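Geometric and topological summary
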Amino acid sequence: MAFDYNFYLRENHLPHIWCPGCSHGIVAKGIIRAVHKMGWEKDDLVIVSGIGCASRLPGYVDANTLHTTHGRALAFALGIKIIKPYLKVIIVSGDGDALAIGGNHFLHACRRNIDINLIIFNNKVYGMTGGQTSPTTPFGSFTSTGPYGNVEHELDPVAVGVAAGATFVARTTAYHVMQMDKIFTQAFEHKGFSVVDVSCDCWTTYGRKNAMKNPVDMLDVYRKKCVKYEKYQELSDEEKKEHIPIGIFHRETRPEYVDELQLIKERAMKELKK
Ligand code: SF4
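What you see is a predicted model; the values in this text were computed from it and never measured.

Rules of the game
- Residues numbered from 1 in each chain as written.
- Predicted model: local features only at pLDDT ≥ 70, side-chain atom pairs only at ≥ 80, totals over all residues.
- Heavy atoms only, no water.
- Pairing = 2+ DSSP bridges.
- Helix = DSSP H or I, 4+ residues; strand = E, 2+ residues; numbered from the N terminus.
- Axes fitted to C-alpha atoms, helices over the stretch in contact; angles between N-to-C directions.
- Contact = heavy atoms within 4.5 Å.
- Core = buried A, V, L, I, M, F, W, Y, C linked by side-chain atoms within 4.5 Å.
- Buried < 20%, exposed > 50% of the residue type's maximum accessible area, 1.4 Å probe, protein only.
- Salt bridge = Lys/Arg side-chain N within 4 Å of Asp/Glu carboxyl O.
- Near = heavy atom within 4 Å.
- Nonpolar A, V, L, I, M, F, W, Y, C, P; charged D, E, K, R; others polar.

1. Points about the sheet that holds strand 7 (residues 168–173)
The strand order across the open sheet built from 8 strands is 2-1-3-4-8-7-10-9, with neighbouring strands paired in mixed fashion. Where the open sheet ends on each side, the last strands, each with one partner, are strand 2 (64–67) and strand 9 (226–228). Strand-to-strand, the axes of this sheet are offset by a mean angle of 20°, without reference to chain direction. Alignment of strand 4 (residues 117–122) against strand 8 (residues 194–199), held across 6 bridges, turns out to be parallel. Along strand 8, the bridge assignment pairs Leu118 with Val195. Strand contacts of helix 7 (residues 177–189): strand 3 (88–94), strand 4, strand 7, strand 8 and strand 10 (244–251), with the helix running at about 160° to strand 7, the strand carrying the most contacts.

Next comes the structure, spelled out in structure tokens:
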């Protein structure tokens, strides 16, 4: 799709702070393409973030943007959507921001089914602060706070999202750009809370410690290991250990939070008038 990315960017806020080779730019462009495909007006778009490398994205996009406190982006986003339901709300968050500091907000946003979109830039590490172990750091891998190997088992945002009640849950990667575009568009079209887990790379603080010396090595892992969710179901247990499922894992229709609040408001007003 050919169009002018600059229309959606605050050029006076560039250059960005991301390291050369970081895949955050790939994901950011995917979000912009999906916004463009949806035909959303910039004035109707809100992008909210917490803290971390991914959370710098709202600074670069020419829309209504909010850079909030660590882990609290969902709380701010819920408030915005409740007060102005006509706005299209996207949250960009890293794995630490969304699942550790913001883990509690994540669970409750999923079960409330509010019509906003959470995109998790899952680089498996706290990149901005020097590569500390995050909730999604793979077991046994090396980080600045786990120099002898991570002893914790990683949290799967997809499994947690489904279990907590999110009505659209998907995983894609910064390597699978065409699939990423489709999934973002489907998430934005979905009425309800959508979670898209995007596996991306932090080669500077994570890759180099884990035998992936450059950004290409990191993306190559996704090329080799990822299989479509449907195909993954057919693999043996042994084969599953070597692969990462990608695609849409869950999609359902359920009453949406702001619509339900509106009904409650109408019921309460009727009661008051009696
Ligand atoms: Fe990207 Fe990692 Fe650099 Fe952050 S520290 S900009 S996640 S490569």
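2. Some points on the nonpolar core
Ranked by internal contacts, the top residues of the largest apolar core, which has 37 residues, are Val27, Ile31, Phe184 and Phe188. Per element, the largest residue contribution to this core is 6 residues, and it comes from helix 1 (residues 24–38). The residues touching Val27, leaving out its near neighbours within four places in the chain, are Ile119, Phe121, Ala174, Met180, Phe184, Val198 and Cys200. Val48, Ile80, Ile116 and Leu118 belong to the second largest nonpolar core, which has 27 residues in total.

3. Brief notes about the pairing of strand 3
Each regular strand shows side chains that alternate between the opposite faces of the sheet. The buried count for strand 3 comes to 6 of 7 residues, which makes it a mostly enclosed element. Where strand 1 (residues 45–49) meets strand 3, 5 bridges bridge the pair, whose relative direction is parallel. By the bridge assignment for strand 3, Val48 is matched with Ile91. Both strand 3 and strand 4 contribute to a ladder of 5 bridges, which runs parallel.

4. Some points on the pattern of salt bridges
Using the criterion set out here, one finds 10 salt bridges in the structure. A salt bridge links Asp181 to Arg33, with the shortest nitrogen-to-oxygen separation between them at 2.7 Å. With Asp181 in helix 7 and Arg33 in helix 1, this residue pair connects regions lying 148 residues apart in the sequence. Residue Asp181 is classed as buried on the basis of its relative accessible area, which comes to 19%. Judged by its relative accessible area of 11%, Arg33 falls in the buried class. When the shortest N-O distance is used, the salt bridge between Asp62 and Lys42 registers 2.9 Å. In this pair, Asp62 sits in the loop between helix 2 (57–60) and strand 2 while Lys42 sits in the loop between helix 1 and strand 1, placing the two residues 20 residues apart along the sequence. A relative accessible area of 16% places Lys42 in the buried class.

5. Quick look at the site of the ligand
Around the ligand, the neighbouring residues are Trp18, Cys19, Cys22, His24, Cys53, Asn123, Gly127, Cys202 and Thr204. For the shell around the ligand, a count of residues per class yields 5 nonpolar, 4 polar and no charged.

6. Observations regarding unusual backbone geometry
Omega for the peptide link from Leu14 to Pro15 comes to 10°, which places this bond in the cis form. Despite not being glycine, Lys124 shows a phi value in the positive range, around 70°. Tracing the backbone through its elements, the reader meets Lys124 in the loop between strand 4 and strand 5 (125–126). You can call Lys124 buried: its relative accessible area is 15%. Although it is not a glycine, Ala211 adopts a positive phi angle of roughly 60°. Relative to the helices and strands, Ala211 resides in the loop between strand 8 and helix 8 (215–225).

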